[in-house]
Amino acid sequence: RYLSNLLVQMYGKCGNVDQARRVFETIQPKNTFSWSIMMGAFTLNGHVHDAKAVFDAMPSRDVVAWNALVGLFARAGMLESAKMVFDKSPGWDPASWSSLVMELAQKGHLDEAKSLFDRCLHKDVILNTAMLTAFVQHRRIDGAKSVFDLMPQRNVVSWNALISGFAKGGNLKHLRELFDRMPHWDSVACTAVIAALGNAGRIEEAELVYGLMAEQSDVSCTAMFLAYAENEHLEDAERIFSGLKHSKDVVVWTAMLVVYGQKGFVESSQKIFRCMPTRNLVTWNAMVQAYAENGNLDLAHAAFHRMPATDVVSWNALSTALAMNGEIDAAWDVFDSVRPEK
RNA sequence: UCGCGUGAUAGAUGA
């Protein structure tokens, strides 16, 4: 049975909810794992209604099921429903608190998140770290630091979350102090530090941290690549690039595309765009931006109109590009045609 | 008692 459970989970992760459901229906008898795995598969793929239906159909509901439902609504941005479910749930598990705190913070209600957090009596490491991260997202490093200091226990993730806060804040002295105090340096911490050092132009130190890592990943290589490229160490950047040629990661390729665009090689950006394995909204925005900042307004326009979806960044890139090239009227037209919301 | 399910951290795009 639990092999079938794993199968449902696997299909869910691949985005094949129909197949997941098919396997789920053959499981007999289903245990609590089967039910919440099925619910998780729908949740992962954004099928809020189906996930809720699974919850409703459950013969019995344990903590995990309740947490999953709170998390489902919270992540879908339906905070009111999430809170109602939370109030109705039999226990107030830290996992539910955590979902609510994160979603509140993400919506910009940091203070509400904090007061909700303060009302929880049995906080665990994850909930504390979620609150810490919420402060970091709002660049409130002081708040993040005080959550960190007050936590009864910390794990790698808590340390990394605070490191990430200092890294984003750009205070290298504090970053350094905290980094030296860390019990373990894993790739998450190192990558955050490399990015911060790169932004500050401290290449030698970034290289040093890069060398500390037991093994490189696409993520750490991208950070190092950008550190080099943004500080004009182009041969070194090129060297990292060669090591990433076979990556299937969108972020890697988008970073490459951006760098070539910024150095004035739009054709290379274009080639990367065409050859890369997958593209997302950020990739498209970067491509439009690359055309725009190289003065290729027509190509920028053309790309913009072929975009499967657009967001504020896309519109902004296009209209500032037009404005900077003297096409003030066209820029206003773009600006005016932006629909409110999103 | 253990094993499969829920919530937290790093790299890419505009201002």
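Keep in mind the model is a prediction, meaning the values are calculated, not measured. (Residues numbered from 1 in each chain as written. Chains lettered and ligands numbered in written order. Predicted model: local features only at pLDDT ≥ 70, side-chain atom pairs only at ≥ 80, totals over all residues. Heavy atoms only, no water.)

Asks: Any chance you could explain the overall build of chain A here in plain terms?
Replies: Across its full length, chain A holds 22 helices and zero strands. Taking the principal axes of the C-alpha coordinates as reference, chain A spans close to 65 × 45 × 40 Å. When burial is assessed residue by residue, chain A has 43% of its 342 residues classed as buried. Sequence-distant contacts in chain A: of pairs separated by 6 or more residues, those separated by 24 or more amount to 47%. Within the structure as shown, chain A displays about 18,700 Å² of accessible surface, and the carbon and sulfur contribution to it stands at 56%. Averaged over its 33 positive side-chain charges, chain A has a centre that lies 7 Å from the centre of its 38 negative ones. (Helix = DSSP H or I, 4+ residues; strand = E, 2+ residues; numbered from the N terminus. Buried < 20%, exposed > 50% of the residue type's maximum accessible area, 1.4 Å probe, protein only. Contact = heavy atoms within 4.5 Å. Areas by Shrake-Rupley, 256 points an atom, 1.4 Å probe, with all protein chains shown as cover. Lys, Arg positive; Asp, Glu negative; His and termini not counted. Charge placed at Lys NZ, Arg CZ, Asp CG, Glu CD.)

Asks: In this structure, what is going on with the nonpolar core? I would like to understand it.
Replies: The tendency in soluble globular proteins is for nonpolar side chains to be buried side by side. Counting residues in each nonpolar core, the largest one holds 110 residues, and the members touching the most others are Met 131, Leu 132 and Ile 163. Leave out the neighbours within four places in its chain, and Met 131 touches Val 101, Leu 110, Ala 113, Lys 114, Phe 117 and Val 147. (Core = buried A, V, L, I, M, F, W, Y, C linked by side-chain atoms within 4.5 Å.)

Asks: Looking at this model, I keep getting lost on the protein's contact with RNA strand B. Mind explaining?
Replies: In the vicinity of RNA strand B lie 52 residues, with Phe 33, Ser 36, Asp 62, Asn 67 and Ser 98 positioned nearest. Taken together, the sugar and phosphate atoms account for 37% of what RNA strand B places within 4 Å of the protein. One nitrogen or oxygen atom from the main chain of Pro 94 is found 3.3 Å from a base nitrogen belonging to RNA strand B. Within the side chain of Asn 155, an N or O atom sits 2.9 Å from a base nitrogen of RNA strand B. In the surface near RNA strand B, the residues fall into 26 nonpolar, 20 polar and six charged. (Near = heavy atom within 4 Å. Polar contact = N/O pair within 3.5 Å; in protein donor to acceptor, adjacent residues only side chain to side chain. Nonpolar A, V, L, I, M, F, W, Y, C, P; charged D, E, K, R; others polar.)

Asks: Help me understand the side chain of Ser 314 in this model?
Replies: Positionally, Ser 314 belongs in helix α21 (residues 312-324). Within polar-contact distance, the side chain of Ser 314 engages the side chain of Asn 285 at 2.7 Å. The contacts of Ser 314, once residues within four sequence positions are left out, are Leu 281, Asn 285, Phe 304 and Met 307.

Asks: What is the right way to read helix α17 (residues 250-262) from this model?
Replies: Because each turn of an α-helix spans 3.6 residues, side chains separated by three or four positions in sequence point in the same direction. Taking 1.5 Å of rise per residue, 13 residues should cover 18 Å, and α17 covers 18 Å from first to last C-alpha, within 8% of that figure. Most of α17 is tucked away, with ten of its 13 residues classed as buried. Within the sequence span of α17, burial applies to Val 250, Val 252, Trp 253, Thr 254, Ala 255, Met 256, Leu 257, Val 259, Tyr 260 and Gly 261. By the N-cap criterion, in which a side-chain oxygen at the helix start approaches the backbone nitrogen of a residue two or three places on, α17 is capped by Asp 249, the distance to Val 251 being 2.9 Å. (Expected span 1.5 Å × (residues − 1).)

Asks: Explanation requested: the environment of Asn 316 in the structure shown.
Replies: Along the chain, Asn 316 falls in helix α21. Residues Asn 316 and Ala 300 lie 16 residues apart in sequence; the distance between their C-alpha atoms is 12 Å.

Asks: Can you help me understand the pattern of salt bridges in this one?
Replies: Per the counting criterion, the structure on display carries twelve salt bridges. Between Arg 21 and Glu 25 there is a salt bridge whose closest N-O contact spans 3.7 Å. Taken together, the residues span about one helical turn, with Arg 21 and Glu 25 both in helix α2 (residues 17-26) at a distance of four residues. Glu 103 serves as the salt-bridge partner of Lys 107, at 3.7 Å between the closest nitrogen and oxygen. (Salt bridge = Lys/Arg side-chain N within 4 Å of Asp/Glu carboxyl O.)

Asks: Explain the environment of Tyr 228 here, please?
Replies: Relative to the helices and strands, Tyr 228 is located in helix α15 (residues 218-230). Taking the relative accessible area as the measure of exposure, Tyr 228 reaches 2% and is therefore buried. Sequence-wise, Tyr 228 and Leu 127 are 101 residues apart; in three dimensions their C-alpha atoms are separated by 36 Å. Beyond its immediate stretch of four places on either side in the chain, Tyr 228 contacts Ile 203, Glu 207, His 233, Asp 236, Ala 237, Arg 239 and Ile 240.

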